[in-house]
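Letter by letter, the chains look like this.
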Number of protein chains: 4
Amino acid sequence: MPRFVLTLQCPDRPGIVHGVAEALLGAEANILENDQFREVVSGAFCMRTRFETPLVDADAVRVHLDAVAARFGARLTVRAEAARTRTLIMVSKFDHCLSDVLYRWRADELPIDIPLVVSNHFDCQELVARHGIPFVHLPITPATKVAQEARLSELVDQHQIDLIVLARYMQILSPDLCDRFSERVINIHHSFLPGFKGAKPYHQAFERGVKIIGATAHYVTSDLDEGPIIEQDVFRVNHAYEAEDLAIVGRDVERQVLARAVKLHAEDRLIRIGNRVVVFD
Amino acid sequence: MPRFVLTLQCPDRPGIVHGVAEALLGAEANILENDQFREVVSGAFCMRTRFETPLVDADAVRVHLDAVAARFGARLTVRAEAARTRTLIMVSKFDHCLSDVLYRWRADELPIDIPLVVSNHFDCQELVARHGIPFVHLPITPATKVAQEARLSELVDQHQIDLIVLARYMQILSPDLCDRFSERVINIHHSFLPGFKGAKPYHQAFERGVKIIGATAHYVTSDLDEGPIIEQDVFRVNHAYEAEDLAIVGRDVERQVLARAVKLHAEDRLIRIGNRVVVFD
Amino acid sequence: MPRFVLTLQCPDRPGIVHGVAEALLGAEANILENDQFREVVSGAFCMRTRFETPLVDADAVRVHLDAVAARFGARLTVRAEAARTRTLIMVSKFDHCLSDVLYRWRADELPIDIPLVVSNHFDCQELVARHGIPFVHLPITPATKVAQEARLSELVDQHQIDLIVLARYMQILSPDLCDRFSERVINIHHSFLPGFKGAKPYHQAFERGVKIIGATAHYVTSDLDEGPIIEQDVFRVNHAYEAEDLAIVGRDVERQVLARAVKLHAEDRLIRIGNRVVVFD
Amino acid sequence: MPRFVLTLQCPDRPGIVHGVAEALLGAEANILENDQFREVVSGAFCMRTRFETPLVDADAVRVHLDAVAARFGARLTVRAEAARTRTLIMVSKFDHCLSDVLYRWRADELPIDIPLVVSNHFDCQELVARHGIPFVHLPITPATKVAQEARLSELVDQHQIDLIVLARYMQILSPDLCDRFSERVINIHHSFLPGFKGAKPYHQAFERGVKIIGATAHYVTSDLDEGPIIEQDVFRVNHAYEAEDLAIVGRDVERQVLARAVKLHAEDRLIRIGNRVVVFD
């Protein structure tokens, strides 16, 4: 039987679970996984349900769910589990995150398609080509930034992109672009946020003499390095690590954290409530 | 409004979530947390739901749920969240786990009551007394084991004990006792199971030259060191750690793992399926 | 044979290890452990050597080492391993760090003596008394701060204190005191520095939606929360943790990080170079 | 100035550090790093020293050190830091460890040369070719095992191989080969040894319901899965991970653990004492 994933988000009140469960029964669905969360501060309720049903596609499922979503004023998404998240990757010169995402994509660890990779440099062109993926070179200068982002938007539309991954793309997106692709752009920051925001976090970490370094995957917002955190991880270091050594071990943390964030997003396991991300894992 | 926690376990089939949600609506309940799991191998389904309702006690809630439990052949538990798990702690000579549980109990980190502590030695008597908890000395020899366990069973009945915690109690419970208190006895084993079963695991770890040591909390079964694992954690060590050093850092892991396991059990977050434990956290 | 620990710190140049090894040979010493580090940025060299020799005390050992220390312009310390670090603990109301240090002290995990505990509140008085340690109440207000610190200094002198441990002492030491006791005051900060400096770090962590929290032990300097970091550790959390939950799991991290820092200091394993701490472990 | 690394291993007695330091002074060397360890059980002493000297090569350095090595009956190695460890990689069908080692090799994270990759299958041929490294197909059956290993030995000699890395090479080396290449073969085992020895460790881990899985890099000996452990690491999992999921997250642990072990070996940071490995990091 085909499998689907729904997410639903609305103000909490009694009856939501019952309403959704009833609608799913009407769709002859069997629930496989079900996670819910109710945030105390805002009273926001969210849920993710994975289920199987004989219905043929997400639209057919949605027919059964629209009424209950309307009743609770809920934001609803329904996706066939087999539908892969169409992912555009952006990269500058460092290739470790890109390389890792491509490896996992080929190994079928990530339920994504990668219609194209965009870069402001040529360093990663060969790596991308070797994987049979189109590489688009979009150089950027202060003068061309508006045009470059316009071109990027076109590519996103043209390729029906669901998710943009900044795999160490060392450029700051304009507020307009951030707003347009809200909750659809994931960045990997090479520090354990909120520590060491901004440039050269490994040098900052060396100066501060920290004993543990980390990386942070977050949704991009117009507020640099302040977007909602999706995933973080750390690695223990010591006094003998110079900034360059920190950068090397940091790469391992970066690629793993980014890969996990992409997987969580692609499986509809992330729901943003304010500046925090609910992770249903 | 009073809060309650239900757990439910039965073979999977469509309609369970809907049935439970409907019963809870009937009880004017609002669901606060809801976790479900369906095990692929056995087809077993289990759920844990935390909810608030104006009903006065667990029995009143149960009235609304018995029918749906019967319909799905489910094992159902309902508990008022305010009801504390009555916990008997057993200990021999080492006091680090006991001391930690007592600290957390006093700091209100664990939703348990501790009506008594039982030991086959006197080493921990003063520590227990200082906390105003009755200490019962039940010495044990091969000859007196049957009588000692009979006395233990009496104490369990008399004090209406829900959970027995073996906080480094260096005795093996008889198969009879294990069966009688199935899923109600938690042991802390001082190794990362299944590595280093049996006696002196830190010495075994030293001999083997492992780089990481750990501890394991598990439900006790008649199959020694093979009970279903609840929680594990680890600590990195190196070649300079002798067996005694491993034991010292191991204590930290032991007490934390045990404390987490007790908390999970006391919050009804653990459901055993075969030899594995579903942890709803 | 008696065992000793020396530490030595000086600008790097060839011959230091040879010079120290020769002096130790002259003292009929056998080296048990030896660690060295040379910092690239400053060219600072430091070493820690643990050795056994028939000599009777640290002064007798020093006689053999003073010449080589002078030759290299080195700061030298020599300590009999059996000599315990005299430690004054300061605490406010939270008792989890104090409680943990006291437990480890009694369990002989920490090579320290605790001649007294000082607090600006009475909350921990009973806990301290139970361990047979004098408790000194030194309340503090903006008006009495100078006098309170003067009294503290007297106590430090009178009890020949080697180390002051701020075990969640919620007061800021004056710059004078920080300078006077430079590298002799360890604080535990309840965040993963440099993230969440200042007050209420767990509330800050909740607001920011981090997925991992931590704690940091550091030497106290007049620059608040910027002192050289000794040790850090972290704990994974998720969206369901409210600020209070973060504080509870944070306690576990705090006490472990503080205990490790105290142990490292008491074993002469810490050497400060600029704003970073070399940890010989 | 050229840099070198020496390792030395002998029974402990006074004067070794002094003797080595004196010999290095004679070689006009400045010590950059120095680590020592003395094992309590066996009384074995070992050290690793990294230093710079104007001497031209390792042979010239050795001239200064042979006498002191002879005096203490020590096993001595001297290597120019710039000399890369010649590494032969063996692989079967899984490419994640191979892929990772190749990535790190190209990114210059590992101080190794890879003259060839050997496999009993063709699955990884293209990956290897893409990196410009010769791929040698050496199929193996029970009947051809002796001949295959003879051919492997020839390749090792012909290419002056220092280190063989079994990057998920699913074959067991014969005792003869293990002896011949003692301490020169590193294997990655996909479990946290000594748990889950033998075949299908992820399936074993699933059956046992462990909450943490791991990987272990060890030197290969004729005693399968019992060789001295170099490095281990772990990853937290839960009840929802099926065996295949464990295998996927396990890959991440495997490749990191293997990469660290190879780096440690290639930097002469590993000294085997009995069945344990001293790691100077």
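As a starting point, this report considers the structure included with it. (Residues numbered from 1 in each chain as written. Chains lettered and ligands numbered in written order. Predicted model: local features only at pLDDT ≥ 70, side-chain atom pairs only at ≥ 80, totals over all residues. Heavy atoms only, no water.)

Observations regarding the overall build of chain A
Now for step 1: In terms of regular secondary structure, chain A is built from eight helices and 13 strands.
Now for step 2: Radius of gyration (C-alpha) of chain A: 20 Å, near the 19 Å computed for a compact globule of 281 residues.
Now for step 3: Counting the 281 residues in chain A, one finds 62% classified as buried.
Now for step 4: Once local pairs closer than 6 in sequence are excluded, the contacts in chain A between residues at least 24 apart make up 66%.
Now for step 5: A total accessible area of about 10700 Å² is found for chain A, and carbon and sulfur atoms account for 52% of it.
Now for step 6: For chain A, the separation between the mean place of its 32 positive charges and that of its 39 negative charges on side chains is 2 Å. (Helix = DSSP H or I, 4+ residues; strand = E, 2+ residues; numbered from the N terminus. Rg over C-alpha atoms; globule rule 2.2 N^0.38 Å. Buried < 20%, exposed > 50% of the residue type's maximum accessible area, 1.4 Å probe, protein only. Contact = heavy atoms within 4.5 Å. Areas by Shrake-Rupley, 256 points an atom, 1.4 Å probe, with all protein chains shown as cover. Lys, Arg positive; Asp, Glu negative; His and termini not counted. Charge placed at Lys NZ, Arg CZ, Asp CG, Glu CD.)

So, the packing of aromatic side chains
Now for step 1: Tallying each qualifying case throughout the model produces 10 aromatic pairs over all chains.
Now for step 2: With a centroid separation of 4.6 Å and an interplanar angle of 75°, the aromatic rings of F192 of chain A and F192 of chain C are classed as edge-to-face. Here F192 of chain A is found in the loop between strand 9 (185-189) and helix 7 (201-208), whereas its partner F192 of chain C is found in the loop between strand 9 (185-189) and helix 7 (201-208) on a different chain. The same class applies to F192 of chain A as to F192 of chain C, namely buried.
Now for step 3: Summarising the aromatic geometry, the rings of F122 of chain B and F135 of chain B are spaced 6.4 Å apart at their centres and angled 35° between planes, so their arrangement reads as tilted. Here the residue F122 of chain B occupies a position in the loop between strand 6 (112-119) and helix 4 (125-130), and F135 of chain B occupies one in strand 7 (residues 135-137), the gap between them amounting to 13 residues. (Phe/Tyr/Trp six-rings, centres within 6.5 Å; stacked < 30°, edge-to-face > 60°.)

Considerations on the interface of chain C and chain A
Now for step 1: Facing the 35 residues of chain C at the interface are 35 residues of chain A.
Now for step 2: Of all residues in chain C, the largest losses of buried area upon contact with chain A belong to R208, H239 and R276 of chain C, amounting jointly to 26% of the total for that side.
Now for step 3: Our enumeration of links across chain C and chain A arrives at six salt bridges.
Now for step 4: We note a salt bridge from D233 of chain C to R236 of chain A, for which the minimum N-O separation is 3.7 Å.
Now for step 5: Applying the counting criterion to the chain C and chain A interface returns 18 residue pairs in polar contact (both at pLDDT 80 or more). (Buried area = accessible area lost by both parts, 1.4 Å probe. Salt bridge = Lys/Arg side-chain N within 4 Å of Asp/Glu carboxyl O. Polar contact = N/O pair within 3.5 Å; in protein donor to acceptor, adjacent residues only side chain to side chain.)

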